[in-house]
Amino acid sequence: MTIQPIRLFGDPVLRTRADEVADFDKELRTLVQDLWDTMESQGGAGLAAPQLGVGLRVFTYHCDGFAGHMVNPTWNAIDDECQDGEEGCLSIPGFTWETRRLRNIVATGWNMHGEPIEIEGTDLLARCIQHETDHLDGVLFLDRLDPETRKQAMREIRQASWFSGSMPTIKQDPHALFGGF
């Protein structure tokens, strides 16, 4: 078991788009195991490679009775139904805020051996896949909050004992499908 330190809000790696995985090798399998071990040790629903400081498009998940990992994931909406719910992040420890996400998605990608996979997600699993894929694009769930909630979140984060004091710019996702995402 290899538990790695999780990068916290303010670390530039969390705002950088991760690179596609090209080599499905031993190093990738080690990364997936490190992601899994770290996620499980922290009780997280998901963890993306940039949260460990690795700029590759990989994440693990364990929520709603589903568990696994995805390499080079993409997802599409099944419909336009949205869900509002509490969302948190291991890189922003101790906080959750009401966040709007799509309710039904289908994700495609590969496993660590280079075999194609497809996951249909609803509710919490859909939220998790969207959240982790956002990490791979340098987007944090804070970017999905409505403006008033985002202001409140930033005030609360500035007061957190773990916060370093450097305030990164909130990055709006140009690919957001709905206002308030």
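Every value quoted in this text rests on a predicted model; they were computed, and no experiment measured them.

### As for the packing of aromatic side chains
Next up, step 1: Applying the stated rule across the entire model yields 5 aromatic pairs.
Next up, step 2: Both rings, one in Trp 162 and one in Phe 163, keep their centres 6.3 Å apart while their planes meet at 80 degrees; by these two values the pair is edge-to-face.
Next up, step 3: An aromatic cluster is built from Phe 9, Trp 162 and Phe 163, whose rings are joined through pairwise contacts.

### What about the UniProt feature "binding site: Fe cation" (unreviewed entry) in the chain?
Next up, step 1: UniProt records the feature "binding site: Fe cation" (unreviewed entry) for Cys 89, His 131 and His 135 in the present numbering. The named residues occupy 47 residues along the chain; their greatest pairwise C-alpha distance, 10.2 Å, places them in one compact cluster.
Next up, step 2: Along the chain, the position of His 131 falls in helix H2 (residues 124-136).
Next up, step 3: When near neighbours in sequence (up to four residues on either side) are disregarded, His 131 contacts Glu 87, Gly 88, Cys 89, Arg 101 and Phe 141.
Next up, step 4: Of note, His 135 is situated in helix H2.

### Concerning the pairing of strand E3 (residues 66-77)
Regular strands place their side chains on alternate faces of the sheet.
Next up, step 1: Two strands pair when backbone bridges link them, and strand E2 (residues 58-63) and E3 are joined in this way by 6 bridges, in the antiparallel orientation. Bridging from a neighbouring strand, His 62 pairs with Ala 67 of E3.
Next up, step 2: As judged from the 5 bridges shared by E3 and strand E6 (residues 104-110), these two strands associate in the antiparallel manner. Residue Asn 76 lies in a different strand from E6, and its bridge partner there is Val 106.

Cut-offs and rules
Per-chain numbering applies: the sequence of each chain, read as written, is numbered from 1 onward. In keeping with the model being predicted, local features are shown solely for residues with a pLDDT of at least 70 and side-chain atom pairs are shown and tallied solely at 80 or more, while totals for entire chains, interfaces and linings include all residues. Side-chain measures here rest on the full set of heavy atoms in the structure, leaving out hydrogens and waters. Classification of ring pairs uses Phe, Tyr and Trp, with its six-membered ring standing for Trp, and accepts pairs whose centres are within 6.5 Å; under 30 degrees between planes counts as stacked, over 60 as edge-to-face, and the remaining range as tilted. UniProt positions are given in the numbering used here, feature names are shortened, and annotations may be inferred rather than shown by experiment. Only DSSP runs of H or I with at least four residues qualify as helices, and only runs of E with at least two residues qualify as strands; both kinds are numbered from the N terminus onward. Note on contacts: a residue pair is in contact if any heavy atoms of the two residues lie within 4.5 Å. Two strands are counted as paired when DSSP detects at least two bridges linking them.

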